[in-house]
Every structure is written in C-alpha cells, then in structure tokens.
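Listed below, chain by chain, are the residues.
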Amino acid sequence: MPIDDTTREEARVLARRYPVARSALLPMLHLVQSVDGYVSDDGVALCAEVLGLTKAEVASVATFYTMYKREQVGDWLLSVCTNPTCQVAGGQAIHDGYVDALGGHHDAEAGVTVEHAECLGICGDAPVVQVNYEMYGRLSQDEADALLASCRRGQPPASNVSGVVPPVFRAVERELSGIDDGVDAHLAPAAARQAAAANPPAWRSGETDLPVTHPGGDPAGHGGEAFRAAAGLEA
Ligand code: FES
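The rules behind the values
By convention here, each chain's residues receive numbers from 1 onward along its written sequence. This being a predicted model, a pLDDT of at least 70 is required before a residue's local features are given, and a value of 80 or more before pairs of side-chain atoms are given or counted; all residues contribute to the totals for chains, interfaces and linings. For side-chain calculations, the full set of non-hydrogen atoms in the structure is used, while hydrogens and water are omitted. Definition used in this section: a nonpolar core is a set of buried Ala, Val, Leu, Ile, Met, Phe, Trp, Tyr and Cys residues joined via side-chain atoms within 4.5 Å. Throughout this description, buried means an accessible area under 20% of the type-specific maximum (1.4 Å probe, protein chains only), exposed means over 50%, and partly exposed covers the range between. Any two residues whose heavy atoms approach within 4.5 Å are treated as being in contact. Any carboxyl oxygen of Asp or Glu within 4 Å of a side-chain nitrogen of Lys or Arg constitutes a salt bridge here. Segments assigned H or I by DSSP are reported as helices when at least four residues long, segments assigned E as strands when at least two residues long, and all are numbered from the N terminus. Here the rule is simple: two strands pair whenever DSSP picks up at least two bridges between them. Orientation is described by axes fitted as lines to C-alpha atoms, over the contacting stretch for helices, and by angles from 0 to 180 degrees between their N-to-C directions. Note on terminology: angles under 35 degrees are roughly parallel, angles over 145 are roughly antiparallel, angles of 65 to 115 are roughly perpendicular, and the others are oblique. With the far helix as reference, a near helix turned anticlockwise by less than a right angle produces a left-handed crossing, and one turned clockwise produces a right-handed crossing. Polar here means any residue other than Ala, Val, Leu, Ile, Met, Phe, Trp, Tyr, Cys and Pro, which are nonpolar, and Asp, Glu, Lys and Arg, which are charged; Gly is therefore polar. When the centres of two rings from Phe, Tyr and Trp lie within 6.5 Å, Trp using its six-membered ring, the rings pair. Their planes under 30 degrees apart give stacked, over 60 give edge-to-face, and anything left gives tilted.

Caption draft 1: Highlighting the nonpolar core. Ranked by internal contacts, the top residues of the largest apolar core, which has 25 residues, are Leu25, Met28, Leu29, Leu51 and Val58. The residues contacting Val58, other than those within four sequence positions of it, are Leu25, Leu29, Val44, Cys47, Ala48 and Leu53.

Caption draft 2: Just the pattern of salt bridges, in detail. Under the defined criterion, the tally for this structure stands at eleven salt bridges. Between Arg12 and Glu9 there is a salt bridge, with its nearest N and O atoms 3.8 Å apart. Within this pair, Arg12 and its partner Glu9 are both found in helix H1 (residues 5-15), separated by three residues, close to a single helical turn. The salt bridge involving Arg174 is made with Asp180; its shortest N-O contact spans 2.7 Å. Classification of Arg174 by relative accessible area gives partly exposed; the value is 25%. When salt bridges with common partners are traced through the structure, they connect Asp5, Arg8 and Glu49 into a single cluster.

Caption draft 3: Layout of the sheet that holds strand E1 (residues 76-81). One open sheet accounts for five strands, arranged E2-E3-E1-E4-E5; its pairing is mixed. Every other strand in the sheet has two partners, leaving strand E2 (106-107) and strand E5 (134-136) as the edge strands with one partner each. Sheet topology places strand E4 (residues 129-131) next to E5; three bridges connect them, and they run antiparallel. Of the residues in E5, the one forming a bridge with Val129 is Tyr136.

Caption draft 4: Focus on the packing of helix H6 (residues 91-102) against helix H7 (residues 141-152). Where H6 contacts H7, the two axes come as close as 10 Å, and the packing angle between them is 40°. The angle between H6 and H7 places the two elements in the oblique class. Considering only the axes of H6 and H7, their crossing is right-handed. Listed contacts from H7 to Ala93, Ile94, Tyr98, Ala101 and Leu102 of H6 are Gln141, Ala144, Asp145, Leu147, Leu148 and Arg152. Along the lines of polarity and charge, the residues of the contact of H6 with H7 split into eight nonpolar, one polar and two charged.

Caption draft 5: Up close: the packing of aromatic side chains. Using the criterion set out here, one finds two aromatic pairs in the structure. Look at Phe64 and Tyr65: their rings are 4.9 Å apart centre to centre, the planes differ by 85°, and that puts the pair in the edge-to-face class. The class for Phe64 is exposed, based on a relative accessible area of 62%. Under the relative-accessibility criterion, Tyr65 is labelled partly exposed at 40%. Geometrically, the ring pair formed by Tyr65 and Tyr68 is edge-to-face, given 6.3 Å between the ring centres and 80° between the ring planes. Each member of the aromatic cluster is reached from another via a ring pair, and the members are Phe64, Tyr65 and Tyr68.

Caption draft 6: Examining unusual backbone geometry more closely. Cis geometry is found at the peptide bond from Ala126 to Pro127, where omega equals -5°. In this structure, Pro127 sits in the loop between strand E3 (112-117) and E4. Positive phi outside glycine occurs at Arg138, with the angle close to 50°. Assignment of secondary structure puts Arg138 in the loop between E5 and H7.

Here's what the structure looks like:
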C-alpha cells in the first residue's frame, strides 16, 4: 500500500500534537514504516514536506536509529542478539543459521527479515531473539530453528517472556507511531480546561524555551497546534 492522502493527513495529525512540529519526526517515521514496511524515499519526502525539513535532515535521523529501516522488512523481523552474553550462549550461531536458511538477511517470499541486535537488556535469558520486538529467551538451537519456521508459516508462537503473540511488522509500526492512541480526542477538552484556569497558558515562540508537554497533561499548558487552536491561543 503506497503512501497516499490518508497517510499525509495522519502525518499532519501527528505534527499538530507537538509545540514544535519537527518533534513529530520519530512517530512519523514509524507511521511511514507502517505503510511501506520501511522508511522509503517517499516516506522521507512526506516527513520533510509535512515538517518543513529537508530530506537530508529526515534521512539523517532515519539512518541514526536502528528501529528505522532503510530497506524492506518482511512481516516478521527477527532480531538476534549477538552481544557477548548471547553470543557465548549461541546467539551468533542462531543468527548465522537463520541467514543460511533464508539465503541472506531477507526472504521476500517468506516475509522474513533477520538482523543483528545489540544487547536487548535481558541477558539472563540469553540467547535472545525478538520477533517484531517481542522477546524469546533461553532458546536452544532447535527452539530457535522452530521459531524461524513458525515465522515462515506466518504463525509465530507467543513470546516465552511476555506471553504476547507478535502482530505483523507493519501493525507494530502503526502502534509505535501512536496515531491510533486516541490522544487527539483529549486535546480540545484539555485545552478548554487550561484556557479557563486561573493562570491560562500563553504561547511562546522559539524552540529552546518551549516546555515539552504531553497534550492535556502539562499544567503549564503548552501543547501543539491542535491544542492551541482548541484553547483559543494564537500560534
Ligand atoms: S547480551 Fe543479549 S540480551 Fe544482553
């Protein structure tokens, strides 16, 4: 599904949540990944257009953080920890076995992508593999192979750490974008409450002196464009 007018409008919704629109870049990159399966050139262009940034500025962020992918990811992203604790427990062998089985790091037909991961923070459960960021720990080689096979069938099991069955990659990316978290419904009433408060908020221009706020959650009363509009504040 290509980036279209719906995605463009959702990107604008994200931008309106923040006092400084460019703060929406990180969730917006997740949004475009939920559409294209990676941060495509069209996705970079969309972020730049909506946020008033250059494509180079957007690309510099997208290439800095490892959760943003510049190449196509399948429905199932297997992140294999190969840092020391996992490596000595078999993590490197799991990674290399996956790459051999897939004939590379990405099998488009199977919808599976494999990547190295730095320490995932649960070294006591080494070796650790994530499927779309859900943890699977203490894996024997056979269990790791079975995990890959289940992903190739499109049916990974529940995480043996969280108990959660991971949804497909694009669905996870949509959740990470926050576009469906319902926060926009709280903007108008929160703005109205704050506008009626004893010390109503005032809009300040510039970037460095703006308090970081969550819409409706900051008693200082500064929010994004949507918040200011609902509160009757001047932009
Ligand atoms: S080294 Fe793998 S989770 Fe820490």
